[in-house]
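Working through the structure, step by step
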Amino acid sequence: MTERSSTTQVDWEAEERKLDDLLEHAFWPGGQKAIDRLRKQGKRPVRELIERLIDEGTQFYEFSRIAGFGMNYPDTEDVPCAGIVTGMGKIHGNWTVILANDSRVKAGAYFPITLKKHLRAQAIAEQCGLNCVYIADSAGAYLPMQAEVFPDDQHFGSLFYNMARMSAKGMKQVTMSTGGNTAGGAYIVFMACQAVMVDKLAYSFLGGPPLVKMATGEDITAEELGGADVHTRISGGADSFAATQEDGIDKIREILSLEPPQTLQIRRYPEKPPQVPAESIYDNLPAVNHGLDARAFLRTIGDESEFIEYKRRYAPGKGDNIVTGRIRLKGIPVGVVASNKVGIIFTEAAEKATEWIVRCSQEKIPLLFVQNSPGYMVGSDSEHMGIGKFGANMVRAVACAQVPRIQLVIGPDHGAANYGMCGRAYRPHFLFSTMRSRTSVMSGRSAAGVMLSIEKRKRESQGNPMSREEEQEFQNRMIQKYDGEAHPFFCSARLFNDRVLKFSEIRDWLATAFEVSLLQPIGEPGFGNFRF
């Protein structure tokens, strides 16, 4: 390790073991007891079904597995994995988005975070032009929170709105129902391009037996009202009858077996591994508040460790707080905008980044933003130099760039730098974080200083000035609050990113994300009015 950092590979691996613990909790909600209950019902855990669904020997790239922890909803603190498994896998060689309710988590009910995760997976599918497979086994909306999940835009109805629009654009929507789908949830079956229902496990109806009894006086079982036999033989609401879950998965693969092969919309070069050892990535990631050598980091993930830099000599000390250039990720050419050193964005760095984003857009090269910036430079010198307008130009370029964009947060991610480096509000195709990331409006220490000054003025105006001990206690409380809300676990629980990556996973996930993002044709560039 270099002298600038007290963080070692051992330290980072210890942080990643904390991530492993949370991932394990999300993977096994309810433990063995929940698995045994599924087996008695004739069901497999959803990830076993997904492994059977995707091509043999391929990987399922799961999104946001630690979503839903610490949400503190009514009657439940955690919603492990948000109660739904989402991700990408290959089916007959084609990338496909898969969404599978996990009935081990509150019977697959939809909490606000479940909705957000489901909608995010659909957004990825639509942006990248991918078919969707739904493995439906859900109790529907979580009724104690119906006002937060039912009536509004981006609530329950948006799931089916998205299915309709993607189907109209030619993206297949295929459902396997392997549980109850009631009321609005029945549309996950009825709105699919094709639907498979599993005998004696699946049922779909707009009103269940209790509602039917109350409304009409009719006594009827769920199976008689809307089981697999009813909807494949009588109503026609579903298309294929499956004897078991395994049979249903095979039918889904059959439905998608004649889809045309996907084509990458960019020239892909032969893949070559980095020349530096893979584990060296840990040695290039110092403690969170230390500067980062972006060039050394890029050498750990780029093919042949090659980085073709743009304007390396421009404005040393300021312009090089962002480095720009190209790498190849498993053969895919990628333009890079990466925070360097302490990462503060000066006017010169903003100008260089804007120019490079526009150039990559003109050349239709996808963009990777490596975010390690605490923000744009403040103060009278920077304001007079035009940091506001040049920062706005950078943000405009990011917002309008028509090429695929992916953000990797690998350090501080504060203030307007979150925008200029393509944060969530700027709709990157994918957004990944690491255990080193810290995303918030400002650092805990900065926020504590601002809040303390406000509190001191307030107390003084009331004639009750703070003691030194009160000041210290208040400041510590604010640091704990803001640093806690910036932590990758807090952010990922709320879906502010698509996955927290281990450092050793970065190259593989980025290359896969760019491959998927490049399946759609790249449009022509177009930018609004820059300020000069």
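Figured I'd write up the structure that's included with this text. None of the values given here were measured: they were computed from a predicted structure.

**Notes on the packing of helix α3 (residues 46–53) against helix α11 (residues 245–255)**
Running from N to C, α3 and α11 point in directions that differ by 40 degrees, and their axes come no closer than 9 Å. The angle between the axes of α3 and α11 places the two elements in the oblique class. Crossing angle aside, the handedness with which α3 passes α11 is right-handed. For the pair α3 and α11, contact is made by Leu49, Arg52 and Leu53 and by Gln245, Glu246, Ile249, Asp250, Ile252 and Arg253, respectively. Looking at the contact of α3 with α11 residue by residue, the classes come out as four nonpolar, one polar and four charged.

**Side note on the side chain of Thr347**
The residue Thr347 is located in helix α14 (residues 347–363) in this model. You can call Thr347 buried: its relative accessible area is 5%.

**A closer look at the side chain of Lys43**
Within the fold, Lys43 resides in the loop between α2 (31–40) and α3. A residue is classified by how much of its surface remains accessible, and Lys43, at 9% relative accessible area, is buried. For Lys43, the side chain forms a polar contact with the side chain of Asp137, separated by 2.8 Å. Beyond its immediate stretch of four places on either side in the chain, Lys43 contacts Leu38, Asp137, Thr178, Gly179, Leu201 and Gln245.

**Side note on the state of the cysteines**
Covalent bonding between the sulfur atoms of two cysteines is what defines a disulfide. Tallying each qualifying case throughout the model produces zero disulfides. Considering cysteine sulfurs only, Cys132 is the nearest to Cys81, which forms no disulfide, with 17 Å between them. In this structure Cys128 is a free cysteine whose sulfur lies 11 Å from that of Cys132, the closest cysteine sulfur available.

**Focus: the packing of aromatic side chains**
In the structure shown here, the tally under the stated rule is 18 aromatic pairs. Between the aromatic rings of Phe430 and Phe432, the centroid separation amounts to 5.9 Å while the plane-to-plane angle is 10 degrees, which identifies the pairing as stacked. On the accessibility criterion, Phe430 (0% relative accessible area) is buried. The cationic tip of Arg494 hangs over the ring face of Phe490; the distance from NZ or CZ to the ring centre is 3.6 Å.

Cut-offs and rules
Residues numbered from 1 in each chain as written. Predicted model: local features only at pLDDT ≥ 70, side-chain atom pairs only at ≥ 80, totals over all residues. Heavy atoms only, no water. Axes fitted to C-alpha atoms, helices over the stretch in contact; angles between N-to-C directions. Helix = DSSP H or I, 4+ residues; strand = E, 2+ residues; numbered from the N terminus. Parallel < 35°, antiparallel > 145°, perpendicular 65-115°, else oblique. Left-handed = near helix turned anticlockwise from the far one by under 90°. Contact = heavy atoms within 4.5 Å. Nonpolar A, V, L, I, M, F, W, Y, C, P; charged D, E, K, R; others polar. Buried < 20%, exposed > 50% of the residue type's maximum accessible area, 1.4 Å probe, protein only. Polar contact = N/O pair within 3.5 Å; in protein donor to acceptor, adjacent residues only side chain to side chain. Disulfide = S-S within 2.5 Å. Phe/Tyr/Trp six-rings, centres within 6.5 Å; stacked < 30°, edge-to-face > 60°. Lys NZ or Arg CZ within 6 Å of the ring centre and 35° of its normal.

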